[in-house]
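One-letter residues, chain by chain:
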Amino acid sequence: MSMISDSARSDIENWVDKYPAEEKQSAVMAALRIVQDENSGSLTTELMNEVATLLEMPEIAVYEVATFYSMYELKLVGRHKICVCTNISCMLNNSKAVVDKLEDKLGVKLGETTADGEFTLKEVECLGACVNAPVVQVGENYYEHLNPAINPDKIDQLLAELRGES
Amino acid sequence: MESSAEQNIVNIEINDISLQVEPGQMLIEVADANGVAIPRFCYHKKLSTSANCRMCLVEVEKAPKMLPACATQVMNGMKVWTKSPKAIAAQKSVMEFLLINHPLDCPVCDQGGECDLQDIAMGYGGDQTRYQERRRIVKDKDYGALVSTEMSRCIHCTRCVRFGEEVGGIAEIGGTGRGDHMEIGTYVQKSLSSELSGNIIDLCPVGALLSKPFLYSARAWELQSYLSIAPHDAVGSNIKIQTRNGKIMRVVPADNEEVNESWISDRDRFSYLGANESRVTSPMVRNSSGNLVETNWQAALDTVIKSFTEIIATDGGSAVGAIASPSSSVEEFYLLQKFMRGLGSNNIDFRLQQQDFSAGAEQSAPKLELSLQEIETQNSIFIIGSDIQREQPLLSHRVRKATLAGAVVSTINPKTIEFNFAISTSVKTDKLTPALAGVAKELLSRGLGGDLNLEQLLTDGAVNIAVEAEHKEIADSLVNGENSMVLLGALAYRDQNQSRIYSLATAISKMSNSSLNIVTEGANALGGVLAGAVPYHSAGKVEVSECGVDVAEMISNPPKGVVLFGVEADKDLAGDDSAIDSLGSGFVVAITPFMDRLTYEHADVVLPLAGFGESSGTFVNAEGRWQSFSGAVKPLGEARPGWKILRVLGSSAELQGFELDSSEQVLNEVKALCDVTADKSEPEISNWSAPTDLGNIEAEMVKPIPLYEVDAVVRRSAPLQEQAKKLTGGVDDV
Amino acid sequence: MANQVCFRNNHLENSWSLSAYQSNGGYEVLKKILSEKLTPEELIEDIKLSNLRGRGGAGFPTGLKWSFMPRTVDGQKYIVCNSDEGEPGTCKDRDILRYNPHQLIEGMIIAGYCIDASVGYNYIRGEFWEPYARFEAALEEARAAGLLGDDILGSGFNFQLHSHLGAGAYVCGEETALLNSIEGKKGQPRFKPPFPAGFGLYGRPTTINNTESLASIPVILAKGGQWFLEQGLPSAGGEKLFSVSGHVNRPGNYEVPMGMPFSELLEMAGGVRDGHQLKAVIPGGSSTPVVPGEQMMDVNMDYDSIASAGSMLGAGSVIVMDETTCMPRVLTRLAYFYYEESCGQCTPCREGTGWLSRVTQRIEDGVGVAADIELLDSVAGNIEGTTICALGDAAAMPVRSFLKHYRDEFQYHIDHKKCMVESDW
Ligand SMILES: Cc1cc2nc3c(=O)[nH]c(=O)nc-3n(C[C@H](O)[C@H](O)[C@H](O)COP(=O)(O)O)c2cc1C
Ligand code: SF4
Ligand code: FES
């Protein structure tokens, strides 16, 4: 029984088509992202093995990729993964206050998931939006200019939005 | 790029010494060839270059940075310093980086004494560490019964990873995680399934990967090494048997580019662990109440001679026979056949699993027409009836290398066989003859038959041969391949229709202008033929006046007196238990290292034979390469080398020509009878003519013998058996 | 002048759409090249004349790079765009993708034409979902308009362009790691030689350029190499994007002439945040050496001038720090970044970045010892120049420059177990 849905498969096929016919492996990063999204945001060994079969690559080569890139999760994560940049430009713009506030609001530390499984708080490296620091990423979206000293309500708004309250 | 043909010499200077070297080489190769020591960890001459350890940094004139010697090509006019202050400083700092996270457990590490890190650290390491943080701790992995891991010692050279991909042919080990968090391993718990996995133990420059069975049993500097030849397949891998206090402690490869390069199979490495299981350690004779009782050599030999003399006196010489292991040495084969023939019998054989002997003397010597190295240069390879990867792991590696260089491989094999190299055309069948005939017929239809007279056999004959699309593909690849080879393996050799299969394979190779290559089971089948241990000719292929009987005949119609030499009858012989009991009905002399069922239940006299590593001898490998070895340890208990036992038997029977002082003398006698040099290139079937029929065309293919079931020693090695249980894939015995 | 090259369309409504792009001359150069059958040689000459230097950080002349491609060798060749943008302080390529994606597409098609590549990939970092979506939409528009794909504008020239999404690894910005990543492997840099121009993606000849470099091409060829050269300096043509971040009033991406005085750029960015004084500037992204503020005020934003101040222009990522900045704290964060992002294959980087990170952290934590400063300097020095890719150097340079200019702050930390300066962040 496959754990990868038909729609995910066809999505992966579209990626496979971008590369030369004998280079299916090129689609592995996309495939892992697609199956991760479909599996509540994390990967399992079984899923990785299926990707290996699908793309005709050794299983270990899939594990290597899945563990090399920081956006793949090999442990369960919350429904929303809040990625906080704490690198230099964000740091200079008080990302520490962003972390503090999020930790405080969510009751978890960096790297942890809330008990209700809603949020995982993750420290990440530079998100490439330095001129809008401090920045966090949730899913496909960036949230910028979050310094609580300047924009006191932004983090609360963000959390409300994620909780579906807004 | 200089393209001129005369540009085949480059002038460089290493440490102010001028050298003229071949272009295209890396600095480290040139340095190695000229005795300049450059430290290294990731570089290995048999693996791709990763240039990641950075230990081999050297100073090159005009280069702004230190360059890795392993990945820097020689260029005309290049000046290199391997020990300049800058080079030494770079090497020292790399060493310091490697050591900061390496545990300080040399005193308890098995690699101690043969550790590259330890050795190089002596020369480069600082006196005291500037690193005060906690060292990295990495969880160990379970690689199965053969390789043990201490992953905190890993220095990430990736040799084991590259070995798996490039040589083992199966990517099982990788580096997961990133940066400092990277771990070398399989990620999921998993036994290594490559039949060559043990080589990573030698490749690992530190003590991260170690021999599990050898763990904590000896220190490297306590060991004595003896060069020897692995006895489990026809490659003749060169090995070093390492001993301490007269005991075999481990087996490691000996480099031989022409034979096994730097590798040995796991079978060759770990079989020694079975060498002393269920050993026979003193001569035994069956007493009147039917029990085997220990006795002395003289009494045992007397019993043999007395009984054999009686049998021959009443029934003639042909009432006795001998069956030997295909891994007996040339010396043993030779003396055994000399003994039998002295007694007036030509009943001698070692082709234990063969079923069809009808080709007889026509199959003069089963061997490779190519050298092992030449296999790598083939561009079309047709494998007929062979689980080559498990039958002959290191020959298979040459085939794999050929495929990596672009060779196409086609096979006719049972369904269950998979390989670690790409197959372009695979005929999966339970009947070998029809498929082979199809290929032959296709070649014939292309007008390639010449004067081979195959028309009657393939087109006008009683059976209608179907030519399938795959048969055409195979014919195409053989005809189109500039260097093409046909390879016949054990499943063809053991087929009920063996003689016709050989004929067809010969016809195919002649029609497609391919070399014909035969690999047999055991370590010395070719040696057995050359030494005369076959019913149809004596040593040096001198035909005998009256052909003796083959092994199958000896089983179904047992001789009154039989010598079993190194044979574990209930496992080594084709046929079921009743065959064994049948063979046991006569007077049985078992010359053997091991107690087995036939010996235990039926042998009348048991003579303890020296086991693995205990005697000198010679094997002729599949190429026809004669490789002699000496004993590494004394035979266990009362056991004696085979040549000595046979010599005494011969003289006790008052036969001529057994006054031999050494195994070298025996060997010289055989060599004088054989044209040793010619045997390197002589084609297999010399006086070939087309058979008139296709024989038993419906014959079912036999099953491959599993990797760790090939002989008595391997079957007794507990680690190999444990590993076999864990392995999946490969031969699927259902 | 400003905003004449990559940002020339940003003022337009829906600047990312094909219609907006075409309303401002978009795809005209491509049309001209294809209809007039301009030769790759003359185009490359013009780019050489423009002295466009690679915007990805190394500043290698783009025209020269293109001329290395073995055009006449048969078989597949590739053009790859590096939109991995991960160097802390850098965020310009994101805005090109978001606001002017068609210009990048046009630049890549022309690049393909010039180097005889019929396939291109744009490697976009995995976090950049919005820019990726914009770029994908633009690709669709371009294909539908016959500007991309087979037989472009009936010229017989074929060019396929795809995006490849990363998944979180700074090192993939290194060009050979990026190629491995497209091949579906870990993003570990390859040892060079062989160089990508000979052995690149899938072992085929490949040219890799930064997003900004490629997006500059249509403008250069439209207005002429000479024009571009004149916008900047003889040593480096053009306007260039500078991402100004940190302690300034109006952080942002500014496209200004190469060689503009730093002081002017700082002014454009609104000056140092209110009430504070300039302390230090990292002029080209986190891996370039830090320059003390007062020294920086005399520097112009070009390769040579910044080099004379002991640093590098890099990707033009200007990180401004005011007097509240604790330098050991900043270095600790940067050292941690390189430690986290080292790919792990080569020894000095794998082991050395961890070492640097641990020592800076312990100084920051107030448990450093006197010998630590020398140790840091020496470990960084031992990494420099010994690694496969430049990440090792990138990790070492900040350490050495921070120690060079702000040793006293490190000493203070060690002696007093606390920061020398008070910061409100
Ligand atoms: C660690 C490391 C990270 C890099 N990251 C980037 C990057 O994010 N974007 C980029 O364009 N170049 C990056 N580069 C530089 C590229 O290797 C390469 O020089 C550049 O993409 C070439 O394009 P250009 O000549 O147009 O500048 C990085 C280099 C290194 C060593
Ligand atoms: S310098 Fe660092 S990132 Fe670059 S190849 Fe070496 S280990 Fe990888
Ligand atoms: S031996 Fe050259 S880098 Fe490892």
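Residues numbered from 1 in each chain as written. Chains lettered and ligands numbered in written order. Predicted model: local features only at pLDDT ≥ 70, side-chain atom pairs only at ≥ 80, totals over all residues. Heavy atoms only, no water.

1. Topic: the overall build of chain A
Link 1 in the chain: From N to C terminus, chain A includes seven helices and four strands.
Link 2 in the chain: N-terminal to C-terminal, the α/β element order of chain A is α-α-α-α-β-α-α-β-β-β-α.
Link 3 in the chain: Overall size of chain A, expressed as C-alpha extent along the three principal axes, is 55 × 35 × 25 Å.
Link 4 in the chain: Taking all 166 residues of chain A together, the buried fraction comes to 60%.
Link 5 in the chain: Contacts in chain A between residues at least 24 apart in sequence constitute 57% of all its contacts with a sequence separation of at least 6.
Link 6 in the chain: If you sum the accessible surface of chain A, you get close to 7,000 Å²; carbon and sulfur atoms cover 48% of it.
Link 7 in the chain: The distance from the centre of the 14 positive side-chain charges to the centre of the 28 negative ones in chain A is 6 Å. (Helix = DSSP H or I, 4+ residues; strand = E, 2+ residues; numbered from the N terminus. Buried < 20%, exposed > 50% of the residue type's maximum accessible area, 1.4 Å probe, protein only. Contact = heavy atoms within 4.5 Å. Areas by Shrake-Rupley, 256 points an atom, 1.4 Å probe, with all protein chains shown as cover. Lys, Arg positive; Asp, Glu negative; His and termini not counted. Charge placed at Lys NZ, Arg CZ, Asp CG, Glu CD.)

2. Section: the interface of chain C and chain A
Link 1 in the chain: If you look at the interface, chain C gives 62 residues, while chain A gives 41 residues.
Link 2 in the chain: In terms of surface lost to chain A, no three residues of chain C exceed Trp129(C), Ala167(C) and Arg333(C), which account for 16% of the buried area on that side.
Link 3 in the chain: In this assembly, chain C and chain A are joined by four salt bridges.
Link 4 in the chain: Secondary-structure elements contributing two or more residues to the side of chain C that touches chain A are strand 2 (119–124), helix 7 (129–144), strand 3 (160–165), helix 8 (175–182), strand 5 (239–246), strand 6 (252–257), strand 9 (317–322) and helix 14 (327–341) of chain C.
Link 5 in the chain: In terms of residues, the side of chain C that touches chain A owes the most to one element, helix 14 of chain C, which gives eight residues.
Link 6 in the chain: Of the residues belonging to the side of chain C that touches chain A, the class tally is 27 nonpolar, 20 polar and 15 charged. (Buried area = accessible area lost by both parts, 1.4 Å probe. Salt bridge = Lys/Arg side-chain N within 4 Å of Asp/Glu carboxyl O. Nonpolar A, V, L, I, M, F, W, Y, C, P; charged D, E, K, R; others polar.)

3. Observations concerning the interface of chain B and chain C
By convention, interface size is frequently given as the accessible area that disappears when the constituent parts associate.
Link 1 in the chain: In this complex, chain B contributes 30 residues to the contact, which on the side of chain C involves 30 residues.
Link 2 in the chain: Each partner contributes to the roughly 2,700 Å² buried at the junction of chain B and chain C, and carbon and sulfur atoms together form 51% of this total.
Link 3 in the chain: Broken down residue by residue, the surface that chain B buries against chain C is led by Phe97(B), Arg130(B) and Arg178(B), which jointly contribute 27%.
Link 4 in the chain: Our count for the chain B to chain C interface comes out at four salt bridges.
Link 5 in the chain: A salt bridge links Glu351(C) to Arg136(B), with the nearest nitrogen and oxygen atoms 2.8 Å apart.
Link 6 in the chain: Linking chain B with chain C are 20 residue pairs in polar contact (both at pLDDT 80 or more), by the criterion used here.
Link 7 in the chain: Examining the composition of the side of chain B that touches chain C, we find that six residues originate from one element, helix 2 (residues 85–100) of chain B, more than from any other.
Link 8 in the chain: In terms of residue class, the side of chain B that touches chain C is built from 13 nonpolar, nine polar and eight charged. (Polar contact = N/O pair within 3.5 Å; in protein donor to acceptor, adjacent residues only side chain to side chain.)

4. Quick notes on the packing of aromatic side chains
Link 1 in the chain: Evaluated as defined, the whole model comprises 25 aromatic pairs over all chains.
Link 2 in the chain: Taking 5.1 Å as the distance between ring centres and 70° as the angle between the ring planes, the aromatic pair formed by Phe68(A) and Tyr69(A) counts as edge-to-face.
Link 3 in the chain: Since its relative accessible area comes to 1%, Tyr69(A) is described here as buried.
Link 4 in the chain: With 6.1 Å between their ring centres and 45° between their planes, Phe60(C) and Phe68(C) make a pair best called tilted.
Link 5 in the chain: In this structure Phe60(C) comes out as partly exposed when scored by relative accessible area, which is 35%.
Link 6 in the chain: A connected cluster of aromatic rings, assembled from ring pairs, spans Tyr19(A), Tyr78(C), Tyr121(C) and Tyr202(C).
Link 7 in the chain: Taking the ring centre of Phe68(A) as reference, the NZ or CZ of Arg178(B) above it sits at 5.7 Å.
Link 8 in the chain: Over the aromatic face of Phe128(C) sits the side chain of Arg125(C), whose NZ or CZ is 5.4 Å from the ring centroid. (Phe/Tyr/Trp six-rings, centres within 6.5 Å; stacked < 30°, edge-to-face > 60°. Lys NZ or Arg CZ within 6 Å of the ring centre and 35° of its normal.)

5. What to know about the site of ligand 1
Residue and element names in this part refer to chain C.
Link 1 in the chain: Ligand 1 sits among 18 residues. The nearest are Gly56, Lys65, Asn209, Asn210 and Ser213.
Link 2 in the chain: In this structure, an oxygen atom belonging to ligand 1 sits 3.2 Å away from a main-chain N or O atom of Arg55.
Link 3 in the chain: Ser213 places a polar side-chain atom, nitrogen or oxygen, 2.7 Å from an oxygen atom of ligand 1.
Link 4 in the chain: When ligand 1 is considered free in solution it has 600 Å² of accessible area, and contact with the protein chains removes 90% of it.
Link 5 in the chain: At three residues, the largest contribution of residues to the shell around ligand 1 is made by strand 4 (residues 206–210). (Near = heavy atom within 4 Å.)

6. Re the sheet that holds strand 3 of chain C
The pairing of strands in a sheet comes from backbone hydrogen bonds and takes either a parallel or an antiparallel form.
All names here are of chain C.
Link 1 in the chain: If you trace the four strands from one edge of the open sheet to the other, you get 3-2-1-4, paired in parallel fashion. For this open sheet the edge positions go to strand 3 and strand 4, each flanked by a neighbour on one side alone. Mean inter-strand twist for the sheet, computed between neighbouring axes without regard to direction, equals 20°.
Link 2 in the chain: Two strands pair when backbone bridges link them, and strand 1 (residues 78–83) and strand 2 are joined in this way by six bridges, in the parallel orientation. (Pairing = 2+ DSSP bridges. Axes fitted to C-alpha atoms, helices over the stretch in contact; angles between N-to-C directions.)

7. Regarding the pattern of salt bridges
Residues and elements named next belong to chain B.
Link 1 in the chain: A complete count under the given rule lists 84 salt bridges over all chains for this structure.
Link 2 in the chain: In this structure, the salt-bridge partner of Glu261 is Lys401, at a minimum N-O distance of 2.5 Å. One end of the pair, Glu261, is in the loop between strand 12 (247–253) and helix 6 (266–270); the other, Lys401, is in helix 11 (residues 393–404), with 140 residues separating them in the sequence.
Link 3 in the chain: With a relative accessible area of 23%, Lys401 lands in the partly exposed category.
Link 4 in the chain: Taken together, the shared-partner salt bridges in this structure form one network comprising Lys46, Glu257, Glu261, Glu376, Arg398 and Lys401.

8. Observations concerning the environment of Ser662(B)
Residues and elements named next belong to chain B.
Link 1 in the chain: The topology assignment puts Ser662 in the loop between helix 22 (642–652) and helix 23 (663–673).
Link 2 in the chain: Owing to a relative accessible area of 21%, Ser662 belongs among the partly exposed residues under this scheme.
Link 3 in the chain: Taking the C-alpha atoms as reference, Ser662 lies 17 Å from Ser328; in sequence the two are 334 residues apart.

9. Section: helix 5 (residues 92–99) of chain C
Link 1 in the chain: Across the eight residues of helix 5 of chain C, seven count as buried, placing the element largely inside the fold.
Link 2 in the chain: Among the residues of helix 5 of chain C, Lys92(C), Asp93(C), Arg94(C), Asp95(C), Ile96(C), Leu97(C) and Arg98(C) are the ones counted as buried.

10. Section: the side chain of Ser83(C)
Link 1 in the chain: Looking at the secondary structure, you find Ser83(C) in strand 1.
Link 2 in the chain: Given the relative accessible area of 0%, Ser83(C) is considered buried.

11. Details of unusual backbone geometry
Link 1 in the chain: Cis rather than trans, the peptide bond between Ala133(A) and Pro134(A) has omega equal to -5°.
Link 2 in the chain: Turning to its location among the elements, Pro134(A) is positioned in the loop between strand 2 (119–124) and strand 3 (136–138).
Link 3 in the chain: For the bond from Lys192(C) to Pro193(C), the omega torsion is 0°, close enough to zero to count as cis.
Link 4 in the chain: With respect to the helices and strands, Pro193(C) occurs in the loop between helix 8 and strand 4.
Link 5 in the chain: A positive phi angle, near 60°, is found at Glu654(B), a position not held by glycine.
Link 6 in the chain: Assignment of secondary structure puts Glu654(B) in the loop between helix 22 and helix 23.

12. What to know about the environment of Leu564(B)
Residues and elements named next belong to chain B.
Link 1 in the chain: Position of Leu564 relative to the elements: it lies in strand 24 (residues 561–565).
Link 2 in the chain: Given a relative accessible area of 2%, Leu564 falls into the buried group.
Link 3 in the chain: As a C-alpha pair, Leu564 and Ser512 span 52 residues in sequence and 42 Å in three-dimensional space.

13. Let's talk about the packing of helix 15 (residues 347–364) of chain C against helix 17 (residues 391–416) of chain C
All names here are of chain C.
Link 1 in the chain: Contact geometry of helix 15 with helix 17 gives a least axis separation of 12 Å together with a crossing angle of 20°. In terms of orientation, helix 15 and helix 17 fall into the roughly parallel class. By crossing handedness, the relation of helix 15 to helix 17 is classed as left-handed. Contact with helix 15, carried on its side by Cys349, Thr353, Leu356, Ile363 and Glu364, involves Leu391, Gly392, Ala395, Val399, Phe410, His413 and Ile414 of helix 17 and no other residues of that element. (Parallel < 35°, antiparallel > 145°, perpendicular 65-115°, else oblique. Left-handed = near helix turned anticlockwise from the far one by under 90°.)

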